[in-house]
Amino acid sequence: MSQVFEPNREFSRDARIKNMCEFKELRLQAEEDFEGYWDKMAKEKIDWFEPYDTVLDESNAPFYKWFNGGKLNVTHQCLGRHLKTRKNKAAIIWEGEDGSKRIITYLQLYYRVNRLANLLKNKFNIKKGDRVVLYLPMIPEAAFAMLACAKIGAIHSIVFGGFSADALRDRVQDAQAKLVITADGAFRRGKPYMLKPVVDEALKEGCECCSKVLIVQRNFEDIDYVPGRDYVYNEMIMNESQHCDPEPMDAEDPLFLLYTSGSTGKPKGVQHSSAGYILWAQYTMEHVFDVKENDTFWCTADVGWITGHTYIVYGPLAMGATTIMYEGVPTYPDVGRWWKMIEEHRVNQFYTAPTAIRLLHKLGQDEPAKHDLSSLKVLGTVGEPINPDAWMWYYNEIGGGKCSIVDTWWQTETGGHMITPLPGATPIKPGSATFPLPGIMAEIIDEDGNPTPKGEKGFLCITKPWPSMIRTIWGDPDRFVKSYFGDCKKDGKPVYFSGDGAMYDDDGYIIITGRTDDVINVSGHRLGTAEIEAVLGHHVNVAEVAVVGKPDAIKGECIFAYIVLKGEDTIGEEIEMIQELNKLITKEIGNIAKLDGILFVPGLPKTRSGKIMRRILRSIAKSEAITQDTSTLEDPSVVTTIEKLFNR
Ligand code: PRX
């Protein structure tokens, strides 16, 4: 059994949830009166314009409705309601990679959001329900744009800046977006990089829905302007009023779409609601990070991912906290950058990904000691399992042995934390996300739907709905049902399948064991193998391809492709092929999906019915012994050949 670390006593005394008794009491309350539990929370936390009629409508499961009939606006929750008590408090502290700083108070943020909301309405004719794609760097205007959409009821869909023009086009088309908001570019590793040319390329053809582009000037590099289509934010915003009434939204009106990868097909537009999402964003901020009025909270994610949505923008602002936003990379100008920022801003809660911790540990083991990190109270991780080595370094060197680490398990689809320690209550163990939050009914089950015993891996499922859950896949409700809800039922209701494997340890702690489907997790970013395979399959010389995740010391997993080339003798062309295939990936998906390894093989292990046995390929990539029965393969000898080529 791994070591257990008790919460810091002094911290617990002031924490919202002070011990395991309080935690268990909440869990009991949620179990005994499920709707009553959420009702109380929704009434306490949300400043409703009009009250809701029902807490949970399950009549069309799994298309659940939470707080139906209620009216609100998420920006009133995040900004308007704070003006009475926090108008001069810093809402966003932004730091550019070059060290420049902007502090935006709640009142200033409120005005900026109103101006942009007016601009969207008046000049771009954006109305409630319209989709707006944001392709923006980590600048405050990204938050302004999200909130401006929310203010007028438009649905934002952020596309991470690392995605290519093709990927951006797919998302604009799928969402049928009317407008793209982008920037000329930003700064990374000390140099300007560009975004606007990618938008130009994306909109070249097939995006008739989108006739306008709004550009934030950030790096002031030269860009081309398309007359009648392109507009400059920095100029136009000056002419708009700083007052704008919030659109009253139904609790279930969509707040945003966020595209994510699945095990099959193209990325899915995960649709989130207004009330349920903001409730959970705020609740988890308060309870999991235990943020207090004077605290400074820093989540290092990019706003292009769900972590950035919930824990840079919506969660911190909903609770009236101060949130830090940083433009650049953690290693610029040196590997002490983040620790220097924690010291300077007196950061109290710090939330990052295991891949970043591993990188900074490897490159700058002694760096943290050069900084005063004593302001830290809670440390968080997200996105992938954290290995004990990285956990211990984080705990001792960053947290000084006094901060709880909240290893938060959740997904784009869950909207916010699901399984996580509470810093003042939960005794923590390296590598365990510990227990589900009160009100979250998580179970680990086997293939027949039975709970797995301790120590045995199973499928991680959620057996009851929760307020911030995905509502549907944009434009594809059937895929929503098929992707997440199998035949398994609990109390007559469909069970949500997370796609992750998990198990209980001897003490009943949950350990996430990784994906059970064909999704790989590279540096905490989700990528579908099917998506990458489809791109590689476009190359004229590729006959067949199978992509798997391969363990990587820093990234967690990296992308490994087995490729069968067309033609008998293509050995001489392999080097060229590697370059060409990576070019193709960069063009159609983006740099984040670059291949880390390619093995050219004469054939793939297939069953007699033609199905590729990926498990075997995964084992080879992991250098594991093959334990699967290969006798059912069409040609078992292909496995030995691949193994030999791999070990060559
Ligand atoms: O496999 C799990 C992993 O990240 C997946 C969700 O990815 P995404 O939707 O991009 O959201 C990432 C940020 C919430 C999950 O299915 N994952 C997330 N958190 C953890 C994790 N794996 C292990 N431990 C975690 N704490």
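How each quantity is defined
- Residues numbered from 1 in each chain as written.
- Predicted model: local features only at pLDDT ≥ 70, side-chain atom pairs only at ≥ 80, totals over all residues.
- Heavy atoms only, no water.
- Pairing = 2+ DSSP bridges.
- Helix = DSSP H or I, 4+ residues; strand = E, 2+ residues; numbered from the N terminus.
- Contact = heavy atoms within 4.5 Å.
- Axes fitted to C-alpha atoms, helices over the stretch in contact; angles between N-to-C directions.
- Phe/Tyr/Trp six-rings, centres within 6.5 Å; stacked < 30°, edge-to-face > 60°.
- Buried < 20%, exposed > 50% of the residue type's maximum accessible area, 1.4 Å probe, protein only.
- Lys NZ or Arg CZ within 6 Å of the ring centre and 35° of its normal.
- Near = heavy atom within 4 Å.
- Polar contact = N/O pair within 3.5 Å; in protein donor to acceptor, adjacent residues only side chain to side chain.
- Areas by Shrake-Rupley, 256 points an atom, 1.4 Å probe, with all protein chains shown as cover.
- Nonpolar A, V, L, I, M, F, W, Y, C, P; charged D, E, K, R; others polar.
- 1 Å grid on protein atoms, 1.4 Å probe; cavity = no way out; pocket = protein on both sides within 12 Å on 5 of 7 lines; lining within 4 Å.
- Points joined across faces, edges and corners; volume = space filled by probe spheres on them.
- Right-handed = clockwise from strand over helix to strand, strands pointing away.

Visitor: Looking at this structure, how should I read the sheet that holds strand β12 (residues 230–232)?
Guide: Backbone-to-backbone hydrogen bonds pair the strands of a sheet. The strands run either parallel or antiparallel. Taking strand neighbours across the sheet as the criterion, the 8 strands line up as β12-β11-β8-β6-β7-β14-β15-β23 in an open arrangement whose pairing is mixed. Every interior strand has two partners, whereas the edge strands, β12 and β23 (472–473), have only one. As defined by bridge partners, strand β6 (residues 131–135) adjoins strand β8 (residues 179–183) across 4 bridges and the pair is classed as parallel. When the sheet's bridge partners are listed, Val133 is paired in β8 with Val180. Across the sheet, helix α11 (residues 275–288) touches β14 (254–260) and β15 (268–273), and the angle it forms with β15 is around 80 degrees.

Visitor: Mind showing me how you'd approach the packing of aromatic side chains here?
Guide: To describe a pair of aromatic rings, one takes the distance between the centres and the angle between the planes. Within the structure shown, the criterion is met by 43 aromatic pairs. Ring centres 5.6 Å apart and planes at 90 degrees place the aromatic pair Tyr277 and Tyr314 in the edge-to-face group. Linking Tyr277 in helix α11 with Tyr314 in helix α12 (residues 306–318), this pair joins segments that are 37 residues apart in sequence. Across the pair, Tyr314 and Tyr277 agree in class, each one buried. An angle of 55 degrees between the planes, with centres 6.1 Å apart, marks the rings of Phe480 and Tyr484 as tilted. Of this pair, Phe480 and Tyr484 both sit in helix α16 (residues 477–484), 4 residues apart, which is roughly one turn of the helix. The exposure classification of Phe480 matches that of Tyr484, with both residues buried. Taken together, the aromatic side chains of Phe34, Tyr37, Trp38, Trp48, Tyr52, Trp66, Phe67, Trp280 and Tyr283 make up a single cluster linked through ring pairs. In this structure, Arg102 packs its charged tip against the face of Trp94, placed 6.0 Å from the ring centre. The side chain of Lys196 reaches across the aromatic face of Tyr225, ending 5.9 Å from its centre.

Visitor: Help me understand the site of the ligand, please; the structure alone is not making it clear to me.
Guide: Lining the immediate environment of the ligand, one finds 17 residues, of which Asp407, Thr412, Asp500, Arg515 and Arg526 sit closest. In this structure, a nitrogen atom belonging to the ligand sits 2.8 Å away from a main-chain N or O atom of Thr408. Considering the ligand on its own, with 540 Å² of exposed area, one finds that the protein chains cover 95% of that surface. Elements supplying a minimum of two residues to the shell around the ligand: α12, β20 (404–408) and β26 (510–515). A breakdown of the residues in the shell around the ligand according to their chemical character gives 6 nonpolar, 6 polar and 5 charged.

Visitor: Mind showing me how you'd approach empty space enclosed by the protein here?
Guide: Summary: where empty space remains is shown by rolling a probe the size of a single water molecule over the atoms. Here the structure, examined in full by the defined rule, presents 2 cavities of 30 Å³ or more. In this structure, the largest cavity occupies an estimated 50 Å³ of space. Forming the walls of the largest cavity are Leu72, Asn73, Val74, Ala150, Gly153, Ala154, Met249, Pro254, Leu255 and Ser274. Among the residues making up the lining of the largest cavity, the classes are represented as 7 nonpolar, 3 polar and no charged. Around the second largest cavity, the lining residues are Tyr64, Ile462, Thr463, Lys464, Pro465, Trp466, Met469, Phe485, Pro494 and Tyr496. For the lining of the second largest cavity, the class distribution of residues is 8 nonpolar, 1 polar and 1 charged.

Visitor: How should the pairing of strand β19 (residues 378–382) be read in this particular structure?
Guide: The two faces of the sheet receive side chains in turn, since in a regular strand these alternate between them. Among the 5 residues in β19, 5 count as buried, and that is most of the element. The alternating pattern of β19 places Val378, Gly380 and Val382 on one face and Leu379 and Thr381 on the opposite face, and all of these are buried. Two strands pair when backbone bridges link them, and strand β18 (residues 349–352) and β19 are joined in this way by 4 bridges, in the parallel orientation. The partner of Gln349 across the bridge, within β19, is Val378. What joins β18 to β19 is helix α14 (residues 354–363), and the crossover it makes is right-handed. With 5 bridges connecting them, β19 and β20 associate as parallel partners. Bridging across to β20, Leu379 finds its partner in Ile405. This β-α-β element, β19 to helix α15 (residues 388–398) to β20, shows right-handed connectivity.

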